[in-house]
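Report on the structure
Each chain, letter by letter, is given below.
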Amino acid sequence: MAVTIKSQREINLMREAGKILAITHEALAKALKPGISTWEIDRLGEEIIRSYGCVPSFKNYQGYPASICISVNDEVVHGIPSKKRILKEGDIVSLDAGVIYKGYHSDAARTHGVGEISPEATQLIEVTKQCFFEGIKYAKSGNHLNDVSSAIQAYAESFGYGVVRDLVGHGIGNHLHEDPEVPNFARRKKGIRLQPGMTLAIEPMINAGKLDVRWLDDDWTVITKDGSLSAHYENTILITEEEPEILSQA
Ligand code: MF3
Ligand code: CO
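In this report, the structure presented in the accompanying data block is examined. (Residues numbered from 1 in each chain as written. Chains lettered and ligands numbered in written order. Predicted model: local features only at pLDDT ≥ 70, side-chain atom pairs only at ≥ 80, totals over all residues. Heavy atoms only, no water.)

**So, the overall build of the protein chain**
Each helix and strand counted, the protein chain has four helices and 15 strands in total. For the protein chain, the C-alpha radius of gyration of 17 Å lies close to 18 Å, the compact-globule estimate for 250 residues. Going through the 250 residues of the protein chain one by one, you find that 54% of them count as buried. Of the accessible surface of the protein chain, which amounts to about 11,000 Å², a share of 50% is contributed by carbon and sulfur atoms. Of the side-chain charges in the protein chain, 27 are positive and 34 negative, and the distance between the mean point of each set is 3 Å. (Helix = DSSP H or I, 4+ residues; strand = E, 2+ residues; numbered from the N terminus. Rg over C-alpha atoms; globule rule 2.2 N^0.38 Å. Buried < 20%, exposed > 50% of the residue type's maximum accessible area, 1.4 Å probe, protein only. Areas by Shrake-Rupley, 256 points an atom, 1.4 Å probe, with all protein chains shown as cover. Lys, Arg positive; Asp, Glu negative; His and termini not counted. Charge placed at Lys NZ, Arg CZ, Asp CG, Glu CD.)

Take a look at the structure:
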């Protein structure tokens, strides 16, 4: 599939989708308290998304059974919400959500601490977020995709962290997943040349330990092989003539 350039109309719809997604994330962050189940967070997230006339894009996507991916501690991504999973002080929780507004998608993830968390966990969360910002410094018209990917990898590895190889970011638009793939690590090829109107979901997934991951028997939940903590940070962005625009913010 070719990488598409979005029209002004499409960009406006993606801006709207992104705003609603950002509002959803802000509300979910406030709800994260010791004692809440990941199922309750999912219910709240879906309620908010639908209250804005959006559809949660993950629900039933390739059979995914919920609206919000909720991944705790050594879970990297795609954790399935459950009434039995009760958050406790010291946990770190990655919330990944997607919305569709009038046919257009936005996708974003945040990792939060529950109550007080360790200095190690705090650093992992902050570095993972900063990986995104290091990457988008290069998300400029004329640069190659690999410039973004390399910057993310270099920043994460400068802290000794493992950059997950088995999952990548992606183009996004009227589908959740479009070309190109957006790795968080360098590849031998330079990748596509970035152009104004391209919309990308850039989503570093960073492990405190080694980069290796495995899938649980539920076929969704991805965990670190070494049991180390993992964090995720994602935004949907627009390539412009100048600085990239983060679409998934309020
Ligand atoms: N942000 C994730 C992604 O880009 C979420 C997809 S989860 C799924 O792939 F449940 F929808 F599959
Ligand atoms: Co994504």
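**So, the sheet that holds strand β8 (residues 178-182)**
With antiparallel pairing, the five strands of this open sheet are ordered in space as β8-β7-β9-β14-β15. Here the strands that pair on one side only, and so sit at the sheet edges, are β8 and β15 (245-246). As paired elements, strand β9 (residues 199-202) and strand β14 (residues 235-238) share four bridges and run antiparallel to each other. Counterpart to T199 in the pairing with β14 is L238. (Pairing = 2+ DSSP bridges.)

**Some thoughts on the nonpolar core**
In this structure, I41, I68, L87, V93 and L95 are the most contacted members of the largest nonpolar core, which totals 35 residues. Broken down by element, the residue count for this core peaks at eight residues, all from helix α1 (residues 8-31). Among the nonpolar cores identified, the runner-up in size contains 28 residues, and V148, V182, L194 and I239 belong to it. (Core = buried A, V, L, I, M, F, W, Y, C linked by side-chain atoms within 4.5 Å.)

**Examining the sheet that holds strand β13 (residues 230-232)**
Taken together, the three strands give an open sheet; going across it, the order is β6-β10-β13, and neighbouring strands pair in antiparallel fashion. Of all strands in the sheet, those bounded by a partner on one side alone are β6 (162-163) and β13. With two bridges connecting them, β6 and strand β10 (residues 205-207) associate as antiparallel partners. Along β10, the bridge assignment pairs G162 with N207. Strands β10 and β13 of the sheet are contacted by helix α3 (residues 119-136), whose axis makes an angle of about 35 degrees with β13. (Contact = heavy atoms within 4.5 Å. Axes fitted to C-alpha atoms, helices over the stretch in contact; angles between N-to-C directions.)

**Here's the deal with the pairing of strand β5 (residues 104-113)**
On a regular strand, one side chain projects to one face of the sheet and the next to the other, so that they alternate. Judged by how many residues are buried, β5 sits mostly within the fold: nine of 10 residues are covered. In the sheet, strand β4 (residues 92-101) pairs with β5 via 10 bridges, with the strands oriented antiparallel. Bridge pairing links A97 to A108 in β5. Between β4 and the antiparallel strand that follows it, β5, lie two residues; K102 among them carries a positive phi value of about 45 degrees.

**Structural notes on the packing of aromatic side chains**
All told, the structure shown has six aromatic pairs when counted by the stated rule. Judged by centre distance (4.9 Å) and plane angle (90 degrees), the ring pair of F132 and F133 falls under edge-to-face. The exposure class of F132 is buried, given its relative accessible area of 0%. Taken together, the aromatic side chains of F132, F133 and Y233 make up a single cluster linked through ring pairs. In this structure, K83 is placed above the aromatic ring of W39, and the distance from its NZ or CZ to the ring centre is 4.5 Å. (Phe/Tyr/Trp six-rings, centres within 6.5 Å; stacked < 30°, edge-to-face > 60°. Lys NZ or Arg CZ within 6 Å of the ring centre and 35° of its normal.)

**Some words on unusual backbone geometry**
For the bond running from D179 to P180, omega is 0 degrees, close enough to zero to count as cis. Tracing the chain through its elements places P180 in strand β8. Even without glycine at this site, H78 takes up a positive phi of about 65 degrees. Relative to the helices and strands, H78 is located in the loop between β3 (75-77) and β4. Here H78 falls in the partly exposed class, since its relative accessible area comes to 22%. One non-glycine residue, D219, lies in the positive phi region at around 70 degrees. Its relative accessible area of 60% is what places D219 among the exposed residues.

**Here's the deal with the state of the cysteines**
Under the counting rule described, the total for this entry stands at zero disulfides. Free of any disulfide, C69 has its nearest neighbouring cysteine sulfur in C54, separated by 17 Å. The class of C69 is buried, set by a relative accessible area of 5%. (Disulfide = S-S within 2.5 Å.)

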